[in-house]
Amino acid sequence: MEHFVGEYKRYRDYLDGALPQLSDDEFFRKIGPTSNSVAIIMKHMSGNLKSRFSDFLTTDGEKPWRDRESEFDVTGLSREDLMQSWDEAWQVLEDNVFGLEPNDGSKIVTVRGVELTVNDALCRSLAHISSHVGEIIFVAKYFKGEKWTYLSVPPGGSEAYNQKPTREVIR
């Protein structure tokens, strides 16, 4: 389970590096009419994590109280509201996943009535989170342009990084 935990933390680190680079306006701005703002993506990831991992081993991952469609509307919400929801969702993840034992990986959970092993459910969740974190980074780099602070190996920095890689360690 430590590898799953390490990867979740890696993507949290990416968010923690990208989000502060955005102004409030950029946080809520869409780059096109059919795109999602960073605010919307954060609200959606929060709803997803809360639903999937509340009572993870004992209840279906798609909770009856989740209103997924409302996750794509941030009208009336502040950045602080959305970040608080994200922190709450992260706490649900920590409370229900970070303490799992290696033998828990073969246990069966359900998501929308479909049976998955815990390992499969975590793989799906990580893929989902990583895709949205990638979207956020793309949008943030788009808005920041030359002012973007790289979160991984910056252009021209591969040789130096390879001498002392730091992002490969599971923590």
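Up top is the structure these notes are about.
Read on for an overview of the structure. (Residues numbered from 1 in each chain as written. Predicted model: local features only at pLDDT ≥ 70, side-chain atom pairs only at ≥ 80, totals over all residues. Heavy atoms only, no water.)

**Comments concerning the environment of Ser 85**
Here's step 1: Structurally, the position occupied by Ser 85 is in helix α4 (residues 79-97).
Here's step 2: For the pair formed by Ser 85 and Lys 43, sequence separation is 42 residues and the distance between their alpha carbons is 7.3 Å.
Here's step 3: Those residues within four positions of Ser 85 in sequence are excluded, and the remaining contacts are Ser 46 and Lys 50. (Helix = DSSP H or I, 4+ residues; strand = E, 2+ residues; numbered from the N terminus. Contact = heavy atoms within 4.5 Å.)

**A look at the packing of helix α3 (residues 38-53) against helix α5 (residues 118-144)**
Here's step 1: For the pair α3 and α5, the least separation of the axes is 10 Å and the interaxial angle reads 170 degrees. Looking at the two axes, α3 sits roughly antiparallel to α5. The hand of the α3/α5 crossing is left-handed. Residues Val 38, Ile 41, Met 42, His 44, Met 45, Asn 48, Leu 49 and Phe 53 of α3 touch α5, and the partners they reach there are Leu 122, Ser 125, His 128, Ile 129, His 132, Val 133, Glu 135, Ile 136 and Val 139.
Here's step 2: Of the residues that constitute the contact of α3 with α5, the class distribution is 11 nonpolar, 5 polar and 1 charged. (Axes fitted to C-alpha atoms, helices over the stretch in contact; angles between N-to-C directions. Parallel < 35°, antiparallel > 145°, perpendicular 65-115°, else oblique. Left-handed = near helix turned anticlockwise from the far one by under 90°. Nonpolar A, V, L, I, M, F, W, Y, C, P; charged D, E, K, R; others polar.)

**A look at the pairing of strand β1 (residues 108-111)**
Here's step 1: Burial along β1 is one-sided: the face carrying Val 109 and Val 111 is buried and the face carrying Ile 108 and Thr 110 is not.
Here's step 2: Where β1 lies against strand β2 (residues 114-117), 4 bridges are found, and the strand directions are antiparallel. Residue pairing in the sheet places Ile 108 in a bridge with Thr 117 of β2. (Buried < 20%, exposed > 50% of the residue type's maximum accessible area, 1.4 Å probe, protein only. Pairing = 2+ DSSP bridges.)

**Here's the deal with the environment of Arg 66**
Here's step 1: If you trace the backbone, Arg 66 turns up in the loop between α3 and α4.
Here's step 2: Arg 66 sits in the buried class, given a relative accessible area of 10%.
Here's step 3: Excluding residues within four positions of it along the chain, Arg 66 makes contact with His 44, Gly 47, Asn 48, Ser 51, Arg 52, Glu 71 and Arg 112.
Here's step 4: Here Glu 62 takes part through its side chain, which lies 3.1 Å from a polar atom of the side chain of Arg 66. (Polar contact = N/O pair within 3.5 Å; in protein donor to acceptor, adjacent residues only side chain to side chain.)

**Considering α4**
Here's step 1: Taking 1.5 Å per residue as the helical rise, α4 with its 19 residues ought to reach 27 Å, and the 26 Å between its terminal C-alpha atoms agrees with that figure.
Here's step 2: Buried residues of α4: Arg 79, Leu 82, Ser 85, Trp 86, Ala 89, Trp 90, Val 92, Leu 93 and Val 97, and no others. Viewed along the axis of α4, the buried residues span an arc of 155 degrees, placing them on a single side of the element. Facing away from the buried side of α4 by more than 90 degrees, the exposed set consists of Glu 80 and Asp 95.
Here's step 3: The secondary structure elements touched by the buried residues of α4 are α1 (2-18), α2 (24-28), α3 and α5. (Expected span 1.5 Å × (residues − 1). Arc of directions from axis to C-beta.)

**Some points on the packing of aromatic side chains**
Here's step 1: In total, this model carries 7 aromatic pairs according to the counting rule given.
Here's step 2: Relative to Phe 53, the ring of Tyr 8 lies with its centre 6.4 Å away and its plane at 85 degrees, an arrangement referred to as edge-to-face. With Tyr 8 in helix α1 and Phe 53 in helix α3, the pair connects residues that are 45 residues apart, well separated along the chain. Side by side, Tyr 8 and Phe 53 carry an identical accessibility label, which is buried.
Here's step 3: Aromatic rings pair up to connect Tyr 8, Phe 53 and Phe 56 into one cluster.
Here's step 4: Of note, Arg 12 hangs over the ring of Trp 90, and the distance from its end group to the ring centre comes to 5.1 Å.
Here's step 5: Over the ring of Phe 27 we find Arg 79; its NZ or CZ atom is 4.5 Å from the centre of that ring. (Phe/Tyr/Trp six-rings, centres within 6.5 Å; stacked < 30°, edge-to-face > 60°. Lys NZ or Arg CZ within 6 Å of the ring centre and 35° of its normal.)

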